Amino acid sequence: MASTMHLDVVSAESALFSGDVTELFAPGEMGDLGIMPQHTQLITTLKAGELRYQTEEGENTSLFVAGGIMEVQPSVVTVLADTAIRAEDLDAEAAVAAKQRAEDALNGKDPEDLDYEAIQAELDAAKAQIEMIHRIGKTLR
Amino acid sequence: MAGLKEIRSQIGSIQNTKKITKAMEMVAASKMRRAKERMQASRPYADKMRQVVSHMANGQLEYKHPYTQERETVKRVGYIIVSTDRGLCGGLNGNLFKKALQDIANWKEQSVDVEIAVFGSKGLAAFRRYGVVADNIQMGDQPHINDMVGTIKVMLDAYAKGEIDRLFLVENEFVNSMTQQPKVTQLIPIVPSELEVLNYQWDYLYEPESKVVIDTLMTRYIESLVYQAVVENVACEMSARMVAMKSATDNAGGMIDKLKLKYNKARQASITQEISEIVSGAAAVE
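Positions within a chain are numbered from 1, following the residues in the order the chain's sequence is written. Labels are handed out in written order, letters beginning with A for the chains and numbers beginning with 1 for the ligands. pLDDT decides what is reported in this predicted model: residues at 70 or higher carry local features, side-chain atom pairs at 80 or more are listed and counted, and totals for whole chains, interfaces and linings draw on all residues regardless. Just so you know, side-chain values use all the structure's heavy atoms and leave hydrogens and water out.

1. Quick look at the overall build of chain B
The way it works is that DSSP assigns letters per residue, a run of H or I at least four long becomes a helix, a run of E at least two long becomes a strand, and they are numbered from the N terminus. Looking only at helices and strands, chain B has five helices and six strands in total. Starting at the N terminus, the α and β elements of chain B follow one another as α-β-α-β-α-β-α-β-β-β-α. Restricting the calculation to C-alpha atoms gives the radius of gyration, and the globule rule supplies 2.2 Å times the number of residues raised to the power 0.38. Computed over its C-alpha atoms, the radius of gyration of chain B comes to 28 Å, more than 25% above the 19 Å expected for a compact globule of 286 residues. Dimensions of chain B along its principal axes, counting C-alpha atoms only, are 115 × 40 × 30 Å. Residue exposure (1.4 Å probe, protein chains only): buried if accessible area is under 20% of the type maximum, exposed if over 50%, otherwise partly exposed. Within chain B, the fraction of its 286 residues that count as buried is 43%.

Have a look at this one:
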């Protein structure tokens, strides 16, 4: 019997998951992280990408997070996401549109009043979403 | 005795008012349901955030964030006041402002200056002369956290620069649909809650460095508390309006009943008078 840890995924607007998992993969700021139960205390910021966890029954679930903070305690993991979307709720068209919008803004004519950081973050989030949609699409078919 | 026509038009106008308050009551009731859902949905985030912050207070961290450090002297304090954009919601804003003003008066007695940031145009109107440094109005019924970050940042920056030494949040607490409780809580420095004390010493691994992560976390923490307060305030506003409009509808009904009685009496009196005039006229002819 594999040991488990409690995982909570919450975003400002809703709680997405709360339950026991056996392993967790998260898009850390400094690179992807794999977390197993009894991990030492760790706290990290997250970037936009895929958050994947395996439940006790061996079921894999994916969520999209657009950045946030993850706190790891030996038996509890808390993901405080800025925005989190269930993988099956991801909207491919909206993501592509968002990417286009961010790119347009970056190539805009008036570079003076651009908030580069915000737009870059938006662009990264959109790209990460598109990438994730592609990957899920492949596994589904 | 007032003229029949006047009473009739008065009844008509009260009936129209009653229709409006009834409609507002029903709108507020349905909006309240949604606002409550949103409030409940945002609660886990604030709870988890609180949990993480209390974990941090427990550990032996290498970097102590300024929000956790008490400053020795208090020269200026900041307030974030969460009010509504619209009126007609009973004593909701009034009670809240009273509470805030009491608190502010206390500080003024100790000759401490006050800086205020407000959410909602009612608060802006009430506190304009006390020195509002940031405001955020017309957020609608579905406030979004992105719209609030700017206003909160003004206060956080003021704290970081040492312009204020404490930050308070004045908000309405949603007890139930009938009761809303105004309360003042201290945001910064973060008040350590009673925690289960761990017996061993530990520190986190940080990615990237501790300062960056903890700064981000603390800012998010404050933002989530304020967001929670604003969302809760919408639910408070809707339920307060519902109750206020319900009693307005009831009062209008009572007034209509009274006026109807008066109208019927007046009508009867005029008929009686007419009959007695006819009778006495006929008697005079005989």
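Still more to cover.
2. A few points about the domain arrangement of chain A
All names here are of chain A. The split into domains, and so the bounds of each, comes from an automatic or database assignment of domains. Partitioning chain A into structural domains gives domain 1 (5-87) and domain 2 (90-136). Each of domain 1 and domain 2 has a C-alpha centre, and the two are 23 Å apart. What makes two residues a contact is simply this: any of their non-hydrogen atoms within 4.5 Å. Counting residues at the interface gives 10 residues for domain 1, matched by eight residues for domain 2. Where domain 1 abuts domain 2, roughly 670 Å² becomes buried across the two surfaces, and 73% of that area is made up of carbon and sulfur atoms. Two parts lose some accessible area (1.4 Å probe) when they are put together, and adding that loss for both gives the buried area. It is Glu-50, Phe-64 and Ala-87 that lose the most area in domain 1 upon contact with domain 2, and together they represent 65% of the buried surface on that side. Salt bridge, as used here: a side-chain nitrogen of Lys or Arg that lies within 4 Å of a carboxyl oxygen of Asp or Glu. Counting across the interface, domain 1 meets domain 2 through zero salt bridges. Polar contact is the term for a pair of N or O atoms within 3.5 Å; when the atoms are in protein, one must be able to donate a hydrogen and the other to accept it, and sequence-neighboring residues count only if both atoms are side-chain atoms. Between domain 1 and domain 2 we count zero residue pairs in polar contact (both at pLDDT 80 or more) in total. Mapped onto the side of domain 1 that touches domain 2, the elements with two or more residues apiece are β4 (42-55), β5 (60-72) and β7 (84-86). With four residues, β5 is the largest single contributor of residues to the side of domain 1 that touches domain 2. Here the nonpolar group is Ala, Val, Leu, Ile, Met, Phe, Trp, Tyr, Cys and Pro; Asp, Glu, Lys and Arg are the charged ones; every other residue, Gly included, is treated as polar. Class assignment for the residues of the side of domain 1 that touches domain 2 results in six nonpolar, two polar and two charged.

3. Regarding the interface of chain B and chain A
At the junction of the two partners, chain B supplies 25 residues and chain A supplies 27 residues. Its largest share of buried area at the contact with chain A, chain B owes to Tyr-45, Leu-205 and Glu-207 of chain B, together 29% of the area lost on that side. There are two salt bridges connecting chain B and chain A. In this structure, Arg-220 of chain B and Asp-82 of chain A form a salt bridge, with 3.0 Å as the shortest nitrogen-oxygen distance.

4. Here's the deal with the pattern of salt bridges
All names here are of chain B. Within the structure shown, the criterion is met by 16 salt bridges over all chains. Between Glu-171 and Lys-183 there is a salt bridge; the shortest N-O distance is 3.8 Å. Placement of Glu-171 in strand β4 (residues 166-174) and of Lys-183 in strand β5 (residues 180-188) is noted, with a sequence separation of 12 residues between them. The class for Glu-171 is buried, based on a relative accessible area of 8%. Put simply, Lys-31, Arg-86 and Asp-141 are held in one network by salt bridges that share partners.

5. Topic: the sheet that holds β4 of chain B
All names here are of chain B. At least two DSSP bridges between two strands are required for those strands to pair. Strand order in the open sheet formed by five strands is β3-β2-β1-β4-β5, with mixed pairing between adjacent strands. Edge positions in the sheet fall to β3 (132-136) and β5, since each has one partner strand and no second. Strand-to-strand, the axes of this sheet are offset by a mean angle of 20°, without reference to chain direction. Sheet contacts for helix α5 (residues 210-285): β1 (76-82), β2 (113-119), β4 and β5; angle to β4, the most-contacted strand, approximately 35°. All axes are obtained by fitting lines to C-alpha atoms, using only the stretch in contact for helices, and the reported angles, taken between N-to-C directions, cover 0 to 180 degrees.

6. Notes on a negative patch on the surface
Residues Asp-20, Glu-56, Glu-57 and Glu-59 of chain A make up a contiguous surface patch of negative charge. Assignment of secondary structure puts Glu-56 of chain A in the loop between β4 and β5. For patch building, the residue pool is restricted to those with more than 30% relative accessible area and no salt bridge; the joining distance is 9 Å between like charges and 5 Å between nonpolar side chains (Val, Leu, Ile, Met, Phe, Trp, Tyr). For every accessible area listed, the method is Shrake-Rupley and the probe measures 1.4 Å; residues are considered covered only by the protein chains on display. Only four residue types enter the charge count, namely Lys and Arg as positive and Asp and Glu as negative; His and the chain termini do not. By convention, the point assigned to a charge is CZ for Arg, NZ for Lys, CD for Glu and CG for Asp.

7. Remarks on the packing of aromatic side chains
Residues and elements named next belong to chain B. Pairing of aromatic rings covers Phe, Tyr and Trp, the last counted by its six-membered ring, and requires centre-to-centre distances within 6.5 Å; plane angles under 30 degrees mean stacked, over 60 mean edge-to-face, and any other angle means tilted. Under the defined criterion, the tally for this structure stands at seven aromatic pairs over all chains. Between Tyr-204 and Tyr-206, the ring centres sit 6.1 Å apart and the planes meet at 65°, which makes this aromatic pair edge-to-face. Three or more aromatic residues joined by ring pairs make a cluster, and in this case those are Tyr-79, Trp-107 and Phe-168. Directly above the ring of Tyr-159 sits Arg-71, whose terminal nitrogen or CZ lies 3.9 Å from the centroid. Lysine and arginine charges are scored as sitting over a ring when NZ or CZ, respectively, is within 6 Å of the ring centre and within 35 degrees of the ring normal.

8. Here we look at unusual backbone geometry
Cis geometry marks the peptide bond from Ile-188 of chain B to Pro-189 of chain B; its omega dihedral reads -10°. Take Pro-189 of chain B: it is sitting in the loop between β5 and β6 (205-207). Non-glycine residue Gln-38 of chain A carries a positive phi angle of around 70°. Structurally, the position occupied by Gln-38 of chain A is in the loop between β3 (31-35) and β4.

9. Overview of the side chain of Ser-210 of chain B
Relative to the assigned elements, Ser-210 of chain B resides in helix α5. Setting aside chain neighbours within four positions, we find Ser-210 of chain B in contact with Glu-62 and Tyr-63 of chain B.

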